[in-house]
Amino acid sequence: MDLILKFVLPLLLGYLMDLILGDPQSWPHPVKGYGKLIHYGTQWLNSGDARFWKGALLTVTCCVVIYLFFYGVQRALAPWPLAYYSFSTIFVYFALANKSLLKEGREVFNALQHDGLEAGRQRLSRIVGRDTTQLTPDQVRIAVMESMSENLSDGVVAPLCFYAVLGLPGMMMYKMINTLDSMIGYKNEKYLYFGRFAARLDDVANYIPARLTAGLMIILYGSSRAWHFVVKYGAAHTSPNAGYPEAALAGILDCRFGGPNTYQGKLVEKPYIGENDRSIAHEEFRTVALLNHAVTFTVVICIAAIKYYLLWHAQQAG
């Protein structure tokens, strides 16, 4: 029972903390520390020859250090249950981002609805990498929906999948992989070679979670159209993973995602996902929020139940 509690209790409590609290911006967060570590490593290594191998070295080193750190701390705290559960719960909470993701998306919709287009554009710029200054109201809402679906996968389902397989150390290692990709995984002159290993590692890490996210969205909403969208458009996206949850949500809403957008001054022609170029209504954000909550809850409960079953049977057999 002790092994079961050590796995299940932090998962459930961390999920409840995220559901209630989100990520207050004034609070310290491990990803901020990850960012500083990556920044220092990039300044030191991203120059001269062999940039691909230097970037790979930075990526592997950061991931191994984070995994070993959390593994070591959990082992050290094991004799003190209160300290162990508190530490593990807090970092499971930090690794999940559904509440803050929905909060940011809802605030874009509210700013657009109540304060006008410019306010919506400015608010959107906090959660997407594209240039928002020329977007129409419909494009602002579409960008939010794309972000909600993609980040449900890499901000919620993926870290939970890593927790299921590798526990808290694996979950926090995944957050490092994701942070590395967001900081150095760009196809520009500065990071084309240095960040390539990190970008490919992120693609591998998100391969199963992206498809699992899309499947759960389809099942929980009960949309056959979303299934057809995933089959037709999932692999058409420029990303090997983002297209699957985006296609699922586009199918659920029967709308069109993708198309041309400007990133860091460069026009990027993304393929369209869907054909119905309709306007997204303000009220439709509620549908997406409920779906995100349903997917998150389902993954948490399924992981807890499966792990309980496996560990309980292992203990009985032993």
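Residues numbered from 1 in each chain as written. Predicted model: local features only at pLDDT ≥ 70, side-chain atom pairs only at ≥ 80, totals over all residues. Heavy atoms only, no water.

Draft legend 1. Up close: the pattern of salt bridges. Following the criterion strictly, the structure yields 11 salt bridges and no others. Close ionic contact of Arg130 with Glu146 constitutes a salt bridge, the shortest N to O distance being 2.7 Å. Remark: Glu146 occurs in helix α7 (residues 137-184) and Arg130 occurs in the loop between α6 (117-124) and α7; sequence separation between them is 16 residues. Classification of Glu146 as buried rests on a relative accessible area of 5%. A salt bridge links Lys232 to Glu275; the nearest nitrogen and oxygen atoms lie 3.4 Å apart. A residue pair is termed long-range when its members are at least 10 positions apart, and Lys232 in helix α10 (residues 224-233) and Glu275 in the loop between β2 (266-273) and α12 (284-317) qualify at 43 residues. Look at Glu275 and you get exposed, because its relative accessible area is 61%. Three or more residues are tied together by salt bridges with common partners; here these are Lys103, Glu107 and Arg123. (Salt bridge = Lys/Arg side-chain N within 4 Å of Asp/Glu carboxyl O. Helix = DSSP H or I, 4+ residues; strand = E, 2+ residues; numbered from the N terminus. Buried < 20%, exposed > 50% of the residue type's maximum accessible area, 1.4 Å probe, protein only.)

Draft legend 2. Molecular detail of helix α8 (residues 196-205). Those residues of α8 that fall on the buried side of the exposure criterion are Ala198, Ala199, Asp202, Asp203 and Ala205. When α8 is viewed along its axis, its buried side chains cluster within an angular range of 165 degrees and face the same direction. Where α8 is buried, its residues meet α3 (51-77), α7 and α9 (207-221). (Arc of directions from axis to C-beta. Contact = heavy atoms within 4.5 Å.)

Draft legend 3. Layout of the packing of helix α2 (residues 30-45) against α3. Put simply, α2 and α3 touch, their axes get as near as 10 Å, and they point 150 degrees apart. The orientation of α2 with respect to α3, classified from their angle, is roughly antiparallel. As α2 packs across α3, the resulting crossing turns out to be right-handed. Between α2 and α3, the residues in contact are Tyr34, Leu37, Ile38, Gly41, Thr42 and Leu45 and Lys54, Leu58, Cys62, Ile66 and Phe70, respectively. Looking at the contact of α2 with α3 residue by residue, the classes come out as eight nonpolar, two polar and one charged. (Axes fitted to C-alpha atoms, helices over the stretch in contact; angles between N-to-C directions. Parallel < 35°, antiparallel > 145°, perpendicular 65-115°, else oblique. Left-handed = near helix turned anticlockwise from the far one by under 90°. Nonpolar A, V, L, I, M, F, W, Y, C, P; charged D, E, K, R; others polar.)

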